[in-house]
Amino acid sequence: MEHVVAAAVIDAQGIVTGWSEGARVLTGHPAEEAVGRRATGLLAEPLSRRADGEWTGPVVVRHRDGHPMTLTVTACPVLGPDGRPAGYALSAGLPASFEPTLAGRAFQQASMSMSVFDTQQRYLRLNEVACKVMGVSEDVLLGRRFPDTVEEAAHSRGFDWHLRQVAQTGRPIRYESFTGAPSLNREHAWTTEMWPVRDASGEVAGVALAAFDSTEQYLARQRLVLLNEAAASIGTTLDVVRTAEEVVELLVPRFADFVSVDLLDWVLGADEPPPGPGGEVVLRRVAHGSAHEGTPEAAVRLGETDVHPPFSPPARALRERRAVRIQAGEPEFMRWLAERNARAPDGRRFRSGVHSVLSVPLRARGTTLGVLVGVRIAHPDAYEADDAVFAEELASRAAVCIDNARRFARERTTALALQNSLLPRGLSGQAAVEVAHRYLPSGSTAGVGGDWFDVIPLSGSRVALVVGDVVGHGIPSSATMGRLCMAVRTLADVDLPPDELLTHLDDLVTHLAAYDEGGDDAAELGATCLYAVYDPVGRRLTAAAAGHPAPVLVLPDGTARPIAMTPGPPLGVGGLPFEAVELELPEESVLALYTDGLVEDRDRDVDRATGELCSALTAPAASLDALCDSVLKAVLPEEPGDDVALLLARTRALGADRVATWDVAPDPALVAATRQAAIEQLAAWGMAEAAFVTELVVSELVTNAIRYGAPPIQLRLIRDRTLICEVSDGSSTSPHLRRAHAFDEGGRGLLLVAQLTQRWGSRQTSRGKTIWAEQSLDPE
């Protein structure tokens, strides 16, 4: 039956007291004409009341234009306060034979679900879409209250509350919900509008609603939400495996019940990408996850490889470079599922609920990295074309993050290999110090830094201890570190004092910056350096710093303190001098040289961290190596944000039994006596086999000092791992090795010294210069 709903209220005297908009449409009488008139004036034929006071059936009414029309009327008495009938409430509708109005056609043909309720939440009208959504016919619901039809209206969760609100307040409501419906096999999103229907007096006589199925718009918004979350949650670390895990965590369970990320093997290594996949594809599982307990993770375990045949979704996605969807019932789906489960061990097979699979290639910068696979089991919807578009967009973003992590890992590996090749290996034990060292590359996303250390043997059994740091990370910093490290070794070979060496190094950094950057901003390198020289004969330490933390000195009594020194500016800044500090150290003192990564961090106080370092250095340890480990464990945070270099040196001393010194008067006649004294000292040391070469070296160096130098002149022999002969004088003029011509009477002395000894050289001192030569000794 086609209903056009009308409602009216008649009191006990037969006077119309209520007149709805529907009554106006049916009869043509507006409310102002009908209200206050006797109902009989609106009827073409008198009513015949039933014995029980109620009636239902056809009633002939007179339209405003005068023609009669038949309505199907249901009337029931309205009781007064005394419980006696005080009038009647009527609801009427046109019979099916009546031609519906244009408004009625619009109501029925609307594409959205539309319904009309009275103020008691009784159904007065439903269109065809509403009946389809409810899964029942209109006759079943008309006249019934909504609370009595909750099971049929499960899709309208919270619906009755909104109906009451509109009926009580008279204000329209618009809201969204995501619920199910009896006739729908999955949940839908609904955009619902409710508004009051008023009678002629302006009172709320009912509630009308329209519900629009906005599932597609809802899902589109959800996909946009996922993409926005992907921008924030994927790629938080430059780790390939962790990035893949973030993709899985984002998609499970909102997009898939099971997700896996498989990568080509070369992505996890340092190789270049091979040609594109053709037939079978071998992929390595790096991450996967399931939404429901009891769902097997996958046919392969994390870290394992798997061979995907050409017809499989992963192989097709890689080959076709697009998303591949297969659904339950398709031949390709059944073939893939059977092949996959045939390879899976017991307990790791997909259950029969799998109904949709989506495979998406992971491609970044024109390179294929792997494949993302999503499987739906409990999720009711199969993957649609919009899902494939979304998955391709998300996979593209994820692939860029994975490729960034891969590139970072590759650059980090290269930089670390470069740095390790430049750092000193197997530092040989020196007579001056016993050393131990540690280098820890940064574990942060910044990459490997430019920290370095070195131990450089110098003449006279002295040793140089060096620690440096190039601000920045990656291959450029490692390369700059290598250049500075080699420059320090070259300058150390010249045997410059620490402050002068840093001055020359500062000039070098300035030139490097100008050459590399094409400008004059040398401070861009941000390099610092600490250079210290220890002399075991005098037990003296001379140190200078260029923007670097001062070393910590641990005395034999167990006290530790940073050495008071004035650090100069970082290398390359220029304009300020470098100042050296000199102090005498007791034997068995420990020097700790380190880079700022050990004590500096944005979440740490430098002074407090330095105090922790001093305390850790005084802790008992079986060896310097063990002390290195305990210091790093006590001072470093769990995840240091910068590289750390630590160099520990325990000082030794060369006593009087290993050093012999003679003051030489500037008289050539005394050369023979000096030479004889040196021979006698060698005999006392049990080193007579070195007498011949030593006699020649002493004679040549002392003679040159008397002839070309200036007083005071001194000869010193040092018995270390080599035999060292040093001659000092007050002149700053250094000798030069040259070849004498056939008829020259001189010029051959230094040439003989150079050929008979292991090495020789000269160094400037505060009182002149020192010429030295070393002879290798047979191991005892």
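See the structure printed just above.
Overview of the structure. (Residues numbered from 1 in each chain as written. Predicted model: local features only at pLDDT ≥ 70, side-chain atom pairs only at ≥ 80, totals over all residues. Heavy atoms only, no water.)

1. Quick word on the sheet that holds strand β23 (residues 560-562)
Then, number 1: Judged by pairing direction, the sheet is antiparallel, and its five strands sit side by side in the order β17-β26-β25-β22-β23 without closing on themselves. One side of each edge strand has no neighbouring strand; the edge strands of this open sheet are β17 (433-440) and β23. Each adjacent strand pair in this sheet contributes to an overall mean axis angle of 15°, direction not counted.
Then, number 2: With three bridges connecting them, strand β22 (residues 552-554) and strand β25 (residues 590-594) associate as antiparallel partners. Residue pairing across strands places Val-552 opposite Ala-592, the latter belonging to β25.
Then, number 3: Each of β17, β25 and β26 (644-651) touches helix α15 (residues 624-635); the most contacted strand, β17, lies at about 35° to it. (Pairing = 2+ DSSP bridges. Helix = DSSP H or I, 4+ residues; strand = E, 2+ residues; numbered from the N terminus. Axes fitted to C-alpha atoms, helices over the stretch in contact; angles between N-to-C directions. Contact = heavy atoms within 4.5 Å.)

2. Examining the pairing of strand β16 (residues 367-376)
Then, number 1: Of all the ten residues making up β16, nine are buried; the element is thus mostly covered by neighbouring parts of the structure.
Then, number 2: Examined bridge by bridge, strand β11 (residues 258-263) and β16 share six bridges and lie antiparallel to one another. Its bridge partner being in β16, Val-259 is matched across the sheet by Gly-374.
Then, number 3: Looking at chain direction, strand β15 (residues 356-364) and β16 are connected through nine bridges and run antiparallel. (Buried < 20%, exposed > 50% of the residue type's maximum accessible area, 1.4 Å probe, protein only.)

3. Quick look at the packing of aromatic side chains
Then, number 1: This structure, assessed with the given rule, holds four aromatic pairs.
Then, number 2: Taken together, the aromatic side chains of Phe-255, Tyr-383 and Phe-390 make up a single cluster linked through ring pairs.
Then, number 3: Directly above the ring of Phe-255 sits Arg-376, whose terminal nitrogen or CZ lies 5.2 Å from the centroid. (Phe/Tyr/Trp six-rings, centres within 6.5 Å; stacked < 30°, edge-to-face > 60°. Lys NZ or Arg CZ within 6 Å of the ring centre and 35° of its normal.)

4. Quick notes on helix α17 (residues 691-708)
Then, number 1: Spanning 18 residues, α17 covers 25 Å between terminal C-alpha atoms, matching the ideal 26 Å at 1.5 Å per step.
Then, number 2: Buried residues of α17: Ala-691, Val-693, Thr-694, Val-697, Val-698, Leu-701, Val-702, Asn-704, Ala-705 and Ile-706, and no others. (Expected span 1.5 Å × (residues − 1).)

5. Notes on the pattern of salt bridges
Then, number 1: By the definition in use, this model includes 34 salt bridges.
Then, number 2: When the shortest N-O distance is used, the salt bridge between Arg-221 and Glu-176 registers 3.4 Å. In this pair, Arg-221 sits in helix α7 (residues 215-233) while Glu-176 sits in strand β8 (residues 173-179), placing the two residues 45 residues apart along the sequence.
Then, number 3: Residue classification places Arg-221 among the partly exposed residues on the basis of a relative accessible area of 35%.
Then, number 4: The residue Arg-223 makes a salt bridge to Asp-387 at a minimum N-O spacing of 3.0 Å. Of the two residues, Arg-223 sits in helix α7 while Asp-387 sits in helix α11 (residues 385-422), which places them 164 residues apart along the sequence. Grouping residues by exposure puts Arg-223 and Asp-387 together as buried. (Salt bridge = Lys/Arg side-chain N within 4 Å of Asp/Glu carboxyl O.)

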